[in-house]
Each structure stands twice: as structure tokens, then as C-alpha cells.
Amino acid sequence: MNSKLCVTIWATIAFFVPCYVTANTVIDFENPLPGDLVATSYLQSTIIPASARVTDQYLNDGLMIDGAALVALPSAAAPSGINALAGIDDNGRIDYDTPVTFSFFAPGNDKVMGTTDFFGYSADLFGSSANIITISAYDFDGSLVGQASYTETGDFTAPLTISGVGQFHRVTVDQTLFNTSSGGIALDLVQFGDISIAAVPELQTYTMLLAGLGLLGFMLRRKKQNI
């Protein structure tokens, strides 16, 4: 086979190999806050203003958040300082029993989905409520990749994490809330590993690939005819 043709074909196919974006990101939800975010009250059932809803404000880090509000915790409750995340119920109120979802994308581009192999966060520092916390990781198609469970004891000194289950695109943090006043239920210091994204070929790349494969087929047919 012509060596120049081989180089062209392999160079074209290389566009389809996943590329890797180094993130290793920790988000503390403290000032300065992006997107005009303003923390609201941490109390269960508080009505959430639009300014406290967390959605795409951290997209530049490759993270989209769904079902979460930024709340200001009592003194010494937030591992990062003051602010953390709380869930939002269907009525737009603070509800720590509602899952919070984290999805990964190419930094700054919510049209290009990404994956990571590590996610973690720090629970707030109050209480020993025995709340059951389940972290679930999902693939692009929504299939479950893996889960990790924790029981809140009030003495979490390390992040609650999920890893070692392969690559995943989305994570939910779900808590079975037994006691809203005992703490250990807000999410802080969200962290995740490198974000892997699949390179999306442009139209010219597809054209080059098809042309290369067509030329390869033509050469193979000629070689077969000459045998």
C-alpha cells in the first residue's frame, strides 16, 4: 500500500480519537461568584430567587448544575467558608431531599458533552443526622455506571466521592433526608477529574475520510486485478 495514502487515512481517522482536557477542578462557591449569583437562606422550604439558582454559571469549568440553589450557611458550617448548594423542589423551594445533578461538558461549550472518572464534594460540617447520601454516575445515554453511598455522621473529614467505575457524563447526589436541622446535607467544594471530550470532525474531515477510503478501495481493486 502507498505509504503516503496510509498517512493521509490515519491522520483523518485520528480526528475521531477522544481528546483530553485537564481540569482537576475544585469549585468553592465563594466570592467572586460568576453570573451575578447571590446566595439565599439555607433554611428548608425557603423560596428561591432567580439570582440564587445555579445552572450554567460554572460552564467555563466544564460543569452544568441542575436542581440546585446557592445558599449561605451558618457560621463554620461550610467547609469553604460561607456558601454551599442545596436542592430545589418542584415548587421552587429549598429542599435538601431533592437530588442535585452535575453534568460535564467541554469548558465553555454546552453543545459538546464530556466525561470524567472522578467526582466528589464536601458535606457541610454540622450534625449527625444519619441522612443517607447516594452518589450515582451515568453515561451519555442515561445508563447507570456506578453508585457510592454514605451515611451522614457529622464528622466527614474527607470528600464524599465516586470513582473507579469508568467514565461518566452525569452525576446525581440524592439524600434521604431524616432530619433537616441536623446538618451534613449541603454540598460544598465540588470537585472532579479531567474532562474527556470526543473531537467533533468538521465537514472537510468527513470529506477527507471518505475520499481516502474510496482511494484505498480503488487501489485494492487494481491490485487484485493485476494478480
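Okay, so let's go over this structure. Predicted model only: the values in this text are computed from it and were never measured.

To continue, consider the pattern of salt bridges. Per the counting criterion, the structure on display carries 1 salt bridge. A salt bridge links K111 to D110; the nearest nitrogen and oxygen atoms lie 3.2 Å apart. Here D110 falls in the partly exposed class, since its relative accessible area comes to 34%.

We now examine the pairing of strand β7 (residues 83-87). Most of β7 sits inside the fold, with 5 of its 5 residues counted as buried. On β7, burial covers both faces: N83, L85 and G87 on one face and A84 and A86 on the other are all buried. As judged from the 5 bridges shared by strand β6 (residues 68-72) and β7, these two strands associate in the antiparallel manner. Bridging across to β7, A72 finds its partner in N83.

Quick look at the environment of Y58 now. Along the chain, the position of Y58 falls in the loop between β4 (53-54) and β5 (63-66). Using a relative accessible area of 7% as the deciding quantity, one classes Y58 as buried. Taking C-alpha positions, Y58 is 8.8 Å from P107, a pair spaced 49 residues apart along the chain. For Y58, the contacting residues outside a window of four places in its chain are I27, F29, L33, P34, L37, L63 and I65.

Let us now look at the packing of aromatic side chains. Considering all chains together, one arrives at 4 aromatic pairs under this definition. Arranged with centres 5.4 Å apart and planes meeting at 85 degrees, the rings of F29 and Y58 form a pair that is edge-to-face. Note that F29 is positioned in the loop between β2 (25-27) and β3 (40-41) and Y58 in the loop between β4 and β5, a separation of 29 residues in sequence. Residue F29 is classed as buried on the basis of its relative accessible area, which comes to 1%. Through successive ring pairs, a cluster of aromatic residues spans F104, F168 and F192. Above the ring of Y138, the side-chain terminus of R170 is found at 4.3 Å from the ring centroid.

Further remarks concern the environment of S149. With respect to the helices, strands and loops of the structure, S149 is situated in strand β11 (residues 144-151). Along the chain, S149 and V173 lie 24 residues apart, while their C-alpha atoms are 9.7 Å from each other. Apart from the residues within four sequence positions on either side, S149 is in contact with I133 and T134.

This model, assessed by the stated rule, comprises 1 cavity of 30 Å³ or more. Size it by volume and the largest cavity reaches roughly 40 Å³. Taken together, the elements giving at least two residues each to the lining of the largest cavity come down to β7 and β13 (170-176). Of the residues that constitute the lining of the largest cavity, the class distribution is 6 nonpolar, 3 polar and no charged.

As a further point, take the nonpolar core. Ranked by size, the top nonpolar core spans 34 residues in total, and within it I65, L85, F102, F119, Y121 and V173 carry the most contacts. Those residues in contact with V173 that lie beyond four places of it in its chain are T98, P99, V100, F102, F119, Y121, I133, T134, I135 and L187. In terms of nonpolar packing, the next biggest core, distinct from the first, is built from 15 residues, I48, L73, A77 and A86 among them.

Another aspect to go through is the side chain of T40. Relative to the helices and strands, T40 resides in strand β3. Non-local contacts of T40, meaning those with residues more than four positions away in its chain, are made with T46, I47, P49, A52, L70, V71 and A72.

With that settled, consider unusual backbone geometry. Residues N31 and P32 are joined by a peptide bond in cis, for which omega reads 0 degrees. Considering the arrangement of structural elements, one finds P32 in the loop between β2 and β3. At D36, a position not held by glycine, the phi torsion is positive, near 60 degrees. Considering the arrangement of structural elements, one finds D36 in the loop between β2 and β3. Given the relative accessible area of 69%, D36 is considered exposed. For S45, which is not glycine, the phi torsion reads 80 degrees and is therefore positive. If you trace the backbone, S45 turns up in the loop between β3 and β4. Taking the relative accessible area as the measure of exposure, S45 reaches 39% and is therefore partly exposed.

The rules behind each value
- Residues numbered from 1 in each chain as written.
- Predicted model: local features only at pLDDT ≥ 70, side-chain atom pairs only at ≥ 80, totals over all residues.
- Heavy atoms only, no water.
- Salt bridge = Lys/Arg side-chain N within 4 Å of Asp/Glu carboxyl O.
- Buried < 20%, exposed > 50% of the residue type's maximum accessible area, 1.4 Å probe, protein only.
- Helix = DSSP H or I, 4+ residues; strand = E, 2+ residues; numbered from the N terminus.
- Pairing = 2+ DSSP bridges.
- Contact = heavy atoms within 4.5 Å.
- Phe/Tyr/Trp six-rings, centres within 6.5 Å; stacked < 30°, edge-to-face > 60°.
- Lys NZ or Arg CZ within 6 Å of the ring centre and 35° of its normal.
- 1 Å grid on protein atoms, 1.4 Å probe; cavity = no way out; pocket = protein on both sides within 12 Å on 5 of 7 lines; lining within 4 Å.
- Points joined across faces, edges and corners; volume = space filled by probe spheres on them.
- Nonpolar A, V, L, I, M, F, W, Y, C, P; charged D, E, K, R; others polar.
- Core = buried A, V, L, I, M, F, W, Y, C linked by side-chain atoms within 4.5 Å.

Spatial relationships are all this shows, so hold off on functional conclusions.
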